[in-house]
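# Residue-level structure breakdown
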Amino acid sequence: MKKRLLLLVLPACIYADNLKSLLEFATTNNNMVVSKNLTQKAKMLDVESTQNSYYPTIDIGGYYQRLDDKSNGIPGDVYSGYGKISFDLYDGDRKTNLIKQNEALLQSSSYDINGYKKELQLLIVQDFYTIKNLEASLETLEEKQVQLQAELQRVKRFYEVGTTTKDDVDKLEAAYSGNIYQIDAVKYQILSVKKLFSIKIGKNIEQFDDSTIVVPKNLDKEINDNIQALKQTALSLQYTANSVDATYKPQVKVEDTYSFYEYGRTDLTHPEGLDNQNKILLSVNLRLFDNDVTSKQKESILVQKKALEKQIEQNEQLQNINIELALSNIETTKAQIVSAQSSLSAAVSAYETVAQKYKVGLIDNVAYLDALSVKTQAKAQYKTALNNLQVAYAKYYYYTNKDIQEFTK
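So, here's what we can say about the structure. Only a predicted model underlies this, so the values are computations on that prediction, with no experimental measurement involved. (Residues numbered from 1 in each chain as written. Predicted model: local features only at pLDDT ≥ 70, side-chain atom pairs only at ≥ 80, totals over all residues. Heavy atoms only, no water.)

## Let's talk about the nonpolar core
Counting 45 residues, the largest nonpolar core has L19, I124, V125, F197, I213 and I404 as its most contacted members. With residues up to four places along the chain from it excluded, the contact list for F197 reads L22, I124, D127, F128, I131, I205 and F208. Counting residues in each nonpolar core, the second largest holds 13 residues, with V169, Y351, Y358 and L372 among its members. (Core = buried A, V, L, I, M, F, W, Y, C linked by side-chain atoms within 4.5 Å. Buried < 20%, exposed > 50% of the residue type's maximum accessible area, 1.4 Å probe, protein only. Contact = heavy atoms within 4.5 Å.)

As structure tokens, this is what we get:
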């Protein structure tokens, strides 16, 4: 018998997840996290690509030319191959600014990933304790169901011997059926939240272990990762504008091309040409006029940068306000816990008194059902308040830009 009980309990112990393990799993396996990591990888490749653009380029090629009606002095067939090395001696710092632009975007991507992970952790904490609140409601409703069932059976026995009325039985049956309806509704809510919760986590979750969040103490505010990401994006726009400026600067390029040739269908009037040739080309280009196309492009980019700076300014103000509200929420929730605890004590005491009077027939079942409902609601309210305090702690960690996972146990 003991072995059977152990086998029944063991799976629940093995597969139950605590909040910390869920946060760790989600920040690696959530599909959006994976997507953002891939985006960051693309940014890294952009940086490598622009860095490699400093190296010379090497091209090879060739051609075959055939003239059915041969022109005077040109062979009928020409075969050629070539190799070319090109190198930008000066590009107005375009490549330098493009590298810095892509490095800033890479850094922005890194902040974006961290910001999303922290936001995801907060959402998971909220869902976790929402489920805990619903389970607390379900537990109290099921306790109420046991009490209603016992009372209904007791009243039915009294009705059978004629010591109570059909009306008393009907009221209890209505309360019993109504409670079943509430239980089913809460069960569906739990199922719905768990399904959505599983998407955030990246796996199906069946059972949870109890978890707590460490009480915040003497935390320094860090600039929000989303704000940092916007700052890096704004910086990248500045480098983009700088690279556009390169259009008005000299572009100096050198090329060395070596070619070799062979010929067919030659004669005295269609002689062979050179066997090989090496050509060095130094080119300088300077744009003198483009009707302000480039300057307008730069102006557009700088306007976008200014727009981002305004977003940054507002987000910084919002972060400070959210920190203040998070602290206030913690204190408010603590006060609610005290009130809920007092309410629960009073409700339990009142219920016990009413239940005793009801059993000896001093009051009707309406007063009994009211007292039972008040006790049930007070118990659920107290557990909800305790869970809400954990969420309040998590919000404070989030708004101060801390990793909630590090403060979870």
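## Side note on the packing of aromatic side chains
If you walk through the whole model with that rule in mind, you get 6 aromatic pairs. Where F128 meets Y129, the ring centres are 5.0 Å apart and the plane angle is 80 degrees; that geometry is what we call edge-to-face. Of the two residues, F128 and Y129, neither departs from the other in class, the shared state being buried. Aromatic rings pair up to connect Y351, Y358 and Y368 into one cluster. Directly above the ring of F25 sits K203, whose terminal nitrogen or CZ lies 4.6 Å from the centroid. Taking NZ or CZ as reference, K375 lies 4.4 Å from the ring centre of Y351, over its face. (Phe/Tyr/Trp six-rings, centres within 6.5 Å; stacked < 30°, edge-to-face > 60°. Lys NZ or Arg CZ within 6 Å of the ring centre and 35° of its normal.)

## Points about the packing of helix α4 (residues 94-160) against helix α8 (residues 365-399)
Any two packed helices are characterised by the angle at which their axes cross and by the distance between the axes. The interhelical angle for the contact between α4 and α8, taken along N-to-C directions, is 165 degrees, at an axis separation of 9 Å. Accordingly, the angle class assigned to the pair α4 and α8 is roughly antiparallel. Like other packed secondary-structure pairs, α4 and α8 cross with a definite hand, here right-handed. When its residues are assigned to classes, the contact of α4 with α8 shows 13 nonpolar, 11 polar and 11 charged. (Axes fitted to C-alpha atoms, helices over the stretch in contact; angles between N-to-C directions. Helix = DSSP H or I, 4+ residues; strand = E, 2+ residues; numbered from the N terminus. Parallel < 35°, antiparallel > 145°, perpendicular 65-115°, else oblique. Left-handed = near helix turned anticlockwise from the far one by under 90°. Nonpolar A, V, L, I, M, F, W, Y, C, P; charged D, E, K, R; others polar.)

## Re unusual backbone geometry
Although it is not a glycine, D93 adopts a positive phi angle of roughly 65 degrees. We note that N291 has phi near 60 degrees; this positive angle belongs to a residue other than glycine. Of the residues examined, N291 reaches a relative accessible area of 58% and is grouped as exposed.

## Notes on the pattern of salt bridges
The tally for this structure, following the rule as stated, stands at 24 salt bridges. K36 serves as the salt-bridge partner of D112, at 2.9 Å between the closest nitrogen and oxygen. Highlighted residues: D112 in helix α4 and K36 in helix α3 (residues 31-52), separated in sequence by 76 residues. The class of D112 is partly exposed, set by a relative accessible area of 29%. (Salt bridge = Lys/Arg side-chain N within 4 Å of Asp/Glu carboxyl O.)

## Digging into helix α6 (residues 225-245)
The end-to-end C-alpha separation of α6 is 31 Å, in line with the 30 Å expected for 21 residues at 1.5 Å each. The N-capping residue of α6, defined by a side-chain oxygen 2.6 Å from the backbone nitrogen of N226, is N224. (Expected span 1.5 Å × (residues − 1). Polar contact = N/O pair within 3.5 Å; in protein donor to acceptor, adjacent residues only side chain to side chain.)

## Comments concerning a nonpolar patch on the surface
Together, F87, L89, Y90 and L282 make up a nonpolar patch on the protein surface, roughly 370 Å² of accessible area in all. Considering every element that reaches the nonpolar patch, the biggest residue donor is strand β2 (residues 77-90), with 3 residues. Relative to the helices and strands, L89 is located in strand β2. Since its relative accessible area comes to 48%, L89 is described here as partly exposed. (Patch = residues over 30% accessible without salt bridge, like charges linked within 9 Å, V, L, I, M, F, W, Y side chains within 5 Å. Areas by Shrake-Rupley, 256 points an atom, 1.4 Å probe, with all protein chains shown as cover.)

## Comments concerning the side chain of N179
Structurally, the position occupied by N179 is in helix α5 (residues 166-201). N179 sits in the buried class, given a relative accessible area of 1%. Contact partners of N179, with chain neighbours within four places excluded, come to L141, K144, Q145 and L148.

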